[in-house]
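Remarks on the overall topology
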Amino acid sequence: MSTLIEPQLFVTAKSGERIQACQDVGWFSPSIGPGEVGGFAVADGATGGWDGQRWAELTVAAAAEALVEAEGLIDDRWVRLTFGDALERARTQWLIENSSANNDDDDPIRALARTKFLATGGHCTLTAGTLVPGEQDTWQIRAISVGDSPIVHLRPTEAGYHLVTAAPLHRSEQFKADPKLVTSRSGRPGTIAAGMSWIDIEARAGDVLLVMTDALAAWALERHEQSVPAWDVLVGLDLDGFTELVGCTRQAGELVDDDVLLLRMAVAEGPYRSVAAVDLTGAGTNHRAARRDKR
Amino acid sequence: MNDSGQMPRITRSKPGMVLFLVDRSYSMEDTVKGDGRSLAQVVADSVNDTLHNLCLSCMNDPVEGPRPYFQVGLIGYGMSGTGDVQAVESAMSGPLLGRELVTSAELARNPIRVVDRDGGKELDGELVKVPEWLEPVAGYGTPMCEAIYNAGRLASEFCTNNPDSYPPIVINLTDGEVTDEPFGPNGGRDRANLDEWAGRLTSLRTSHGALRFLNAFVTAESTDPTWFPNTGVGLPKAGQRLFEISSSLPDDLAAEASRQGKWGGPGARGLLVNASPDALANFLEIGTRVDAHIGD
């Protein structure tokens with residue numbers, strides 16, 4: 001008997017925008033530590049801040065770096081020290097990219113960019129965690145979450161996928177215009193604990209974990225509250241289906257016209273499968289598998 | 001308060017309009033007590049700061065630069081930009097010379113200069129470079145009627161082309177009394193006085209409300225400013241006339257004025273009298289505050 005994590009990532013930008021402008025960023029790795037510990041991170045760059053896409057990339061990179069360093073064990077100390085340090089380095093990088101390089105000449109756009117950067121900083125949501133093999137083919141998922149990119153835990157039943165838990169947000173009305181955010185501003189990037197939630201999940205074979213940015217998460221939870229099927233739709237999506245779903249629901253006014261990211265992690269039974277892609281950021285869909293093979 | 005209800009977002013397909021009418025008459029040469037700058041310089045600095053903030057509010061991407069969320073105009077009245085005649089004309093300079101309305105994207109890319117400035121506490125004390133667009137100019141009379149006529153011409157065209165946009169904002173900055181009454185365009189036909197031209201201007205509207213015509217009476221004297229008054233009684237003579245022609249304060253501006261303790265009560269008008277440099281900057285910030293409604 002063996003189980004493995006099958007990840008799949010779907011990303012699309014707002015209507016009319018190129019995928020390069022998408023401010024949602026995702027990452028997954030099947031082997032950040034011994035025993036095939038997996039890691040993941042999702043961030044949603046905030047429009048109100050400066051260059052939310054880049055800050056989301058740097059924040060996800062910081063989370064990934066800190067998760068690898070932790071080798072699967074994340075706790076308050078990890079948040080404060082390991083992740084805090086990685087985020088501080090991300091902020092330094094952010095300052096280098098935006099500040100000094102843009103103050104060398106009298107180009108008005110670069111002058112405006114630097115002022116806007118200094119005035120607003122970058123902001124993004126973050127949900128990041130580890131997948132650790134547990135007893136009896138289970139996986140222990142431990143994650144931190146800041147903002148409104150929740151994890152949804154689904155379990156198959158004869159009637160379709162059943163919602164086990166959604167966290168940190170679990171109802172559609174909880175999605176507001178001002179979520180808690182990881183910020184680059186004023187030397188305080190590491191102080192995220194106040195707006196942070198811990199999420200602990202035990203998943204078993206057949207379970208599916210979805211990490212979604214706000215527009216899709218709000219849509220899915222609203223359908224769930226109205227007893228309209230949502231989970232089976234999301235579990236069954238391929239890339240074409242994802243594109244069609246987003247297009248149709250936007251047109252119907254059901255889905256807010258925002259960037260959309262869905263990271264789907266299915267706990268599958270089966271033999272080890274090696275897959276190619278490493279970095280799940282960017283357009284379209286990629287695959288990687290984290291194997292759990294108990295002997 | 002009036003024009004209540006939900007205001008539309010200002011987007012590329014539904015842009016906003018901000019137009020400044022800048023008094024460039026002889027008396028704008030006066031030096032502001034306790035400040036050292038001329039009235040013309042104070043007005044130019046305040047307008048430049050406001051345009052800078054407007055550009056920043058349109059900007060989310062360092063490469064793309066500000067988006068064309070606004071059409072922006074500067075009309076100077078008094079001495080011409082060339083300094084040799086009285087004129088009512090576009091006060092745009094440099095690459096935008098002569099342009100009556102430009103988009104915020106064009107404006108951002110075409111300042112007349114970029115200057116160094118201390119960003120202050122808000123920008124962590126960093127030195128920043130700030131674009132400028134308006135030059136201080138002073139001389140001749142105060143042809144305010146013709147300036148308002150031109151504002152109406154531009155705003156009328158804007159409202160026709162953008163019927164569902166945020167209502168146009170027209171801000172008049174002056175230190176004096178009108179000198180071209182009655183004014184008639186096209187060789188003097190259709191003559192009307194200041195109140196009538198202003199009435200025609202404020203009758204323009206989009207589906208989201210009437211054009212906002214705000215006035216600031218600047219003075220070189222160090223006198224306490226009067227914010228958004230709801231009566232002309234007690235104001236200096238020029239201030240009384242400006243009270244009559246100013247728009248009633250719409251709900252969103254009244255709410256912001258009230259939040260800052262500057263609302264003059266029911267019936268308050270979009271007027272600042274005896275504007276000090278600081279008060280003028282604050283007035284322009286309130287008058288153009290549409291941040292919550294910008295972006296697509």
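Predicted model, so just to flag it, every value in this text is computed and none were measured.

**Topic: the packing of helix α5 (residues 194-202) of chain B against helix α6 (residues 237-245) of chain B**
In helix packing, the relevant descriptors are the interaxial angle and the interaxial distance, both defined with respect to the helix axes. Residues and elements named next belong to chain B. One can describe the packing of α5 onto α6 by two numbers: an axis separation of 9 Å at closest approach and a directional angle of 30 degrees. Pair α5 / α6 crosses with right-handed handedness. Between α5 and α6, the residues in contact are Leu194, Asp195, Ala198 and Thr202 and Arg241, Glu244 and Ile245, respectively. Tallied by class, the residues present in the contact of α5 with α6 amount to three nonpolar, one polar and three charged.

**With respect to the packing of aromatic side chains**
Residues and elements named next belong to chain B. Across all of its chains, the model carries eight aromatic pairs over all chains by this definition. Taken together through their ring pairs, the aromatic side chains of Tyr149, Phe183 and Trp197 make up a single cluster. The ring of tryptophan 197 has arginine 200 sitting right over it, with the charged end atom 4.4 Å from the ring centre. The ring of tryptophan 227 has lysine 262 lying over it, and the distance from NZ or CZ to the ring centre is 5.0 Å.

**Details of the pattern of salt bridges**
In a structure, side chains of opposite charge can pair up when their charged atoms sit close to one another. Residues and elements named next belong to chain B. Inspection of the entire model under this criterion finds 31 salt bridges over all chains. Here arginine 113 ties to glutamate 132 by a salt bridge, and the two come within 2.6 Å at their closest N and O atoms. You can see arginine 113 sitting in strand β5 (residues 113-118) and its partner glutamate 132 sitting in strand β6 (residues 127-132), a full 19 residues away along the chain. Across the pair glutamate 135 and arginine 113 runs a salt bridge, and its minimum N-O distance is 2.6 Å. With glutamate 135 in the loop between β6 and α3 (144-161) and arginine 113 in strand β5, this residue pair connects regions lying 22 residues apart in the sequence. Assessed through its relative accessible area of 31%, arginine 113 is described here as partly exposed.

**Remarks on helix α1 (residues 52-70) of chain A**
The first and last C-alpha atoms of α1 of chain A sit 26 Å apart over 19 residues, in line with the 27 Å expected at 1.5 Å per residue. Looking at the residues trailing α1 of chain A, positive phi occurs at glutamate 71 of chain A, about 55 degrees.

**Concerning the nonpolar core**
Residue and element names in this part refer to chain B. In terms of nonpolar packing, the biggest core is built from 96 residues, with Phe20 and Phe70 touching the most fellow members. In this view, phenylalanine 20 contacts Val47, Thr50, Leu51, Gly73, Leu74, Ile75, Ile171, Leu173 and Leu284; residues no more than four positions away in its chain are not counted. Core analysis: the second largest hydrophobic core is formed by 35 residues, Met17, Ile148, Cys159 and Leu242 among them.

**Observations regarding the interface of chain B and chain A**
Between chain B and chain A, the contact holds 24 residues from the first and 21 residues from the second. Buried surface at the junction of chain B and chain A, both sides included, amounts to about 2,000 Å², of which 60% is carbon and sulfur. If you look at where chain B meets chain A, you find one salt bridge. Across the chain B-chain A interface, the total number found is three residue pairs in polar contact (both at pLDDT 80 or more). Counting only elements with at least two residues in the side of chain B that touches chain A, the list comes to α1 (39-57), α2 (104-109) and β6 of chain B.

**Focus: the confidence of the model for chain B**
Residues and elements named next belong to chain B. Looking at chain B as a whole, the pLDDT averages 91, with 96% of positions reaching at least 70. Of all the helices and strands in chain B, helix α4 (residues 185-188) carries the lowest mean pLDDT, 82, while strand β4 (residues 102-103) carries the highest, 98. With a pTM of 0.72, the predicted complex shows an ipTM of 0.79.

**Thoughts on helix α2 (residues 76-98) of chain A**
All names here are of chain A. The first and last C-alpha atoms of α2 sit 31 Å apart over 23 residues, in line with the 33 Å expected at 1.5 Å per residue. Listed in full, the buried residues belonging to α2 are Trp78, Val79, Thr82, Phe83, Gly84, Ala86, Leu87, Ala90, Arg91, Trp94 and Asn98. On its buried side, α2 packs onto α1, α3 (108-120), β4 (123-133), β5 (139-146), β8 (182-183) and β9 (196-203).

**Observations regarding unusual backbone geometry**
Between alanine 167 of chain A and proline 168 of chain A the backbone carries a cis peptide bond, its omega angle lying at 5 degrees. As for its placement among the helices and strands, proline 168 of chain A is situated in the loop between β7 (160-167) and β8. The omega angle of the peptide bond from glutamate 181 of chain B to proline 182 of chain B is -20 degrees, so this bond is cis rather than trans. Assignment of secondary structure puts proline 182 of chain B in the loop between β7 (169-174) and α4. Phi angles above zero are rare outside glycine, and glutamine 136 of chain A is one such case at about 50 degrees. Residue position: glutamine 136 of chain A is located in the loop between β4 and β5. Of note in this structure, aspartate 190 of chain B is not a glycine but carries a positive phi near 60 degrees.

**Looking at the pairing of β5 of chain A**
Residue and element names in this part refer to chain A. Of all eight residues making up β5, six are buried, and the element is well covered by its neighbours. Two elements, β4 and β5, share eight bridges in a ladder whose sense is antiparallel. Considered in β5, the bridge of threonine 130 is made with arginine 142. Where β4 hands over to β5, the hairpin turn is made up of five residues, of which glutamine 136 adopts a positive phi near 50 degrees.

**Topic: the pairing of β7 of chain B**
All names here are of chain B. With six of six residues buried, β7 lies mostly within the body of the structure. Burial along β7 is two-sided: Ile169, Ile171 and Leu173 and Val170, Asn172 and Thr174, pointing in opposite directions, are all buried. Here β7 pairs with strand β10 (residues 212-218) via six bridges, running parallel. Counterpart to threonine 174 in the pairing with β10 is phenylalanine 217.

**Side note on the side chain of aspartate 214 of chain A**
All names here are of chain A. Along the chain, aspartate 214 turns up in helix α4 (residues 214-225). For the buried aspartate 214, no salt bridge is present, and the opposite-charge side chain at shortest range is lysine 14, 9.1 Å distant. Here aspartate 214 is in contact with Asp44, Asp148, Phe175 and Asp258, once residues within four sequence places are set aside.

Cut-off values and rules
Residues numbered from 1 in each chain as written. Chains lettered and ligands numbered in written order. Predicted model: local features only at pLDDT ≥ 70, side-chain atom pairs only at ≥ 80, totals over all residues. Heavy atoms only, no water. Axes fitted to C-alpha atoms, helices over the stretch in contact; angles between N-to-C directions. Helix = DSSP H or I, 4+ residues; strand = E, 2+ residues; numbered from the N terminus. Left-handed = near helix turned anticlockwise from the far one by under 90°. Contact = heavy atoms within 4.5 Å. Nonpolar A, V, L, I, M, F, W, Y, C, P; charged D, E, K, R; others polar. Phe/Tyr/Trp six-rings, centres within 6.5 Å; stacked < 30°, edge-to-face > 60°. Lys NZ or Arg CZ within 6 Å of the ring centre and 35° of its normal. Salt bridge = Lys/Arg side-chain N within 4 Å of Asp/Glu carboxyl O. Buried < 20%, exposed > 50% of the residue type's maximum accessible area, 1.4 Å probe, protein only. Expected span 1.5 Å × (residues − 1). Core = buried A, V, L, I, M, F, W, Y, C linked by side-chain atoms within 4.5 Å. Buried area = accessible area lost by both parts, 1.4 Å probe. Polar contact = N/O pair within 3.5 Å; in protein donor to acceptor, adjacent residues only side chain to side chain. pLDDT = per-residue confidence, 0-100. Pairing = 2+ DSSP bridges. Lys, Arg positive; Asp, Glu negative; His and termini not counted.

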